[in-house]
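Fold and contact review
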Amino acid sequence: ARPALGGEFTKKAFLNSRIDLAQAEAVDSMISAKSATGLDMARGLLSGEVSTLVYGLSRDIRDIMERIEASFVSEDIEVAPGEIAGAIGDIIQCMDEVLRNSDQASTMLNGIRTTIAGRPNAGKSSLFNRLIGEQRAIVHEDAGTTRDVIKEHLLIDGRDFIFHDTAGIKEISAGPEQIGINKAMEAMEFSDLVLYVVDAGRGLDPEEKKWIYSGKKTFVVMNKTDLPGTNPVAIPGIETLKISAKYNKGIDCLRGAMVAAFSFEPPGIFMQRHILLMEKARDHMKVCMSAMDNGLTLDAISLDLGDALEDIEKIIGQGTGTDVLDQVFERFCVGK
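What you see is a predicted model; the values in this text were computed from it and never measured.

**A look at the environment of V198**
Summarising the element assignment, V198 is placed in strand β4 (residues 193-199). Its relative accessible area of 1% is what places V198 among the buried residues. Sequence spacing of V198 and V221 is 23 residues, and the spatial spacing of their C-alpha atoms is 6.0 Å. Those residues within four positions of V198 in sequence are excluded, and the remaining contacts are A122, G203, L204, V220, V221, M222 and N223.

**Considering helix α4 (residues 49-73)**
For an α-helix, the turn length of 3.6 residues means that residues three or four places apart are oriented alike. Here α4 spans 36 Å end to end across 25 residues, near enough to the 36 Å set by a 1.5 Å rise per residue. The set of residues buried in α4 consists of V50, S51, V54, G56, L57, S58, I61, I64, M65, I68 and S71. Considering only its buried residues, α4 is in contact with α2 (21-32), α3 (36-47), α5 (81-99), α10 (272-293) and α11 (302-314).

**Regarding the packing of α4 against α11**
Axis separation between α4 and α11 bottoms out at 10 Å; the angle between their running directions is 155 degrees. As summarised for this structure, α4 and α11 are arranged roughly antiparallel, according to the angle between their axes. Like other packed secondary-structure pairs, α4 and α11 cross with a definite hand, here left-handed. Within the contact between the two elements, α4 uses V54, L57, S58, I61, R62, I64, M65, I68 and F72 and α11 uses S302, L305, G306, A308, L309, I312 and E313. Partitioning the contact of α4 with α11 into residue classes produces 11 nonpolar, three polar and two charged.

**Quick word on α11**
With 13 residues, α11 ought to run about 18 Å at 1.5 Å a step, and its terminal C-alpha atoms sit 19 Å apart, in line with that. Every buried residue of α11 is listed here: D304, L305, A308, L309, D311, I312 and E313.

**Notes on the pattern of salt bridges**
Scanning the entire structure with this criterion turns up 14 salt bridges. For E310, the salt bridge is made with K314, and the minimal N-O distance between the two is 3.7 Å. On the criterion of helical spacing, the pair formed by E310 and K314 is a turn pair, its members being four residues apart in helix α11. When its relative accessible area of 43% is taken as the criterion, E310 is described as partly exposed. Counted as one network, the salt bridges with shared partners bring together D63, R67 and E83.

**Details of the nonpolar core**
Among the nonpolar cores identified, the biggest contains 70 residues, and I88, L127, F163 and L195 are the most heavily contacted of them. Y196, L204, W211 and I212 belong to the second-largest nonpolar core, a separate cluster that totals 13 residues.

**Concerning unusual backbone geometry**
Phi is positive for N101, close to 70 degrees, though the residue is something other than glycine. Residue placement: N101 occurs in the loop between α5 and α6 (105-110). N101 gets classed as buried once you look at its relative accessible area, which sits at 17%. Phi angles above zero are rare outside glycine, and N121 is one such case at about 65 degrees. As for its position among the elements, N121 is in the loop between β1 (112-118) and α7 (124-132). Looking at N121, the relative accessible area reads 36%, which means it is partly exposed.

**A short note on the packing of aromatic side chains**
Tallied over the full model, the rule gives two aromatic pairs. With 6.3 Å between their ring centres and 85 degrees between their planes, F161 and F262 make a pair best called edge-to-face. Residue F161 is found in strand β3 (residues 159-165), and its partner F262 is found in the loop between α9 (251-261) and α10; the two are separated by 101 residues along the sequence. Taken individually, F161 and F262 each receive the classification buried, so the pair is uniform in this respect. One aromatic cluster is present, built from ring pairs that chain together F161, F163 and F262.

Rules behind the numbers
Residues numbered from 1 in each chain as written. Predicted model: local features only at pLDDT ≥ 70, side-chain atom pairs only at ≥ 80, totals over all residues. Heavy atoms only, no water. Helix = DSSP H or I, 4+ residues; strand = E, 2+ residues; numbered from the N terminus. Buried < 20%, exposed > 50% of the residue type's maximum accessible area, 1.4 Å probe, protein only. Contact = heavy atoms within 4.5 Å. Expected span 1.5 Å × (residues − 1). Axes fitted to C-alpha atoms, helices over the stretch in contact; angles between N-to-C directions. Parallel < 35°, antiparallel > 145°, perpendicular 65-115°, else oblique. Left-handed = near helix turned anticlockwise from the far one by under 90°. Nonpolar A, V, L, I, M, F, W, Y, C, P; charged D, E, K, R; others polar. Salt bridge = Lys/Arg side-chain N within 4 Å of Asp/Glu carboxyl O. Core = buried A, V, L, I, M, F, W, Y, C linked by side-chain atoms within 4.5 Å. Phe/Tyr/Trp six-rings, centres within 6.5 Å; stacked < 30°, edge-to-face > 60°.

The following block contains the structure:
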């Protein structure tokens with residue numbers, strides 16, 4: 001007896017044709033999913049949603065190839081170029097739909113990385129606690145109470161937000177506080193969404209403008225608008241929202257804006273290997289369409305049709321080399 005290798009049992013199921021490669025990869029996706037949406041996507045992959053789609057596209061491409069080859073064999077069989085072009089166009093359209101939102105696949109699989117940032121005492125931790133619904137972060141009148149990045153997962157209207165409450169950002173600092181600021185800057189840089197909190201009474205300092213554009217998308221959150229004399233300012237190109245974290249005002253509007261900013265539907269495929277193969281197959285189909293538009297004969301597109309078929313079938317493991325299989329299964333944990 002020996003310990004099982006990583007992914008050994010799932011690999012045996014694939015090699016014995018119990019599941020295809022896409023379904024095998026779903027097992028690892030279910031284990032590694034960091035969001036409810038990602039888990040649902042992995043379940044769909046395991047149930048065969050992607051496999052059914054691939055088999056359908058494979059069948060359609062083979063049908064075109066067989067019709068073209070039949071016309072070569074027998075002079076009695078004629079194939080209208082317009083029909084072939086129409087069939088190719090339908091496949092390209094289907095591939096486009098499958099790939100829609102695929103650039104957001106990682107975000108949906110792992111959750112929307114959301115960083116709450118801003119100057120010290122702007123009310124970041126108060127907002128963090130309001131959003132997650134509990135006293136998770138320390139709130140104190142003294143600045144610099146947050147020294148590390150505090151993380152929390154929250155589901156809002158079906159969207160998974162992975163919150164990061166960070167240390168207050170300022171130009172001059174040292175010691176543990178500076179380490180916290182460095183972590184805050186790093187969190188902002190790799191965020192899908194930054195909630196940049198500003199004390200509405202103090203306003204936005206000129207030096208802060210270089211920080212609010214750090215993430216892929218930023219909301220400027222004007223906090224403490226319940227206090228007299230506040231004057232929230234608008235930032236060009238940045239959506240600004242007014243709240244009072246202390247009195248829970250404007251929090252629902254902020255949540256709504258966050259959901260609206262990530263209102264896309266889950267992609268038809270979400271694993272990077274599948275996306276790359278589908279894109280390659282679509283490129284070959286587009287070459288076929290371009291060839292027909294330029295008046296080339298049907299035999300000129302046969303090679304690209306074959307390449308598209310090869311790429312699409314690799315998603316489910318057909319024609320996949322052992323090196324690729326090893327790469328797929330070596331990521332699995334032991335016992336799966």
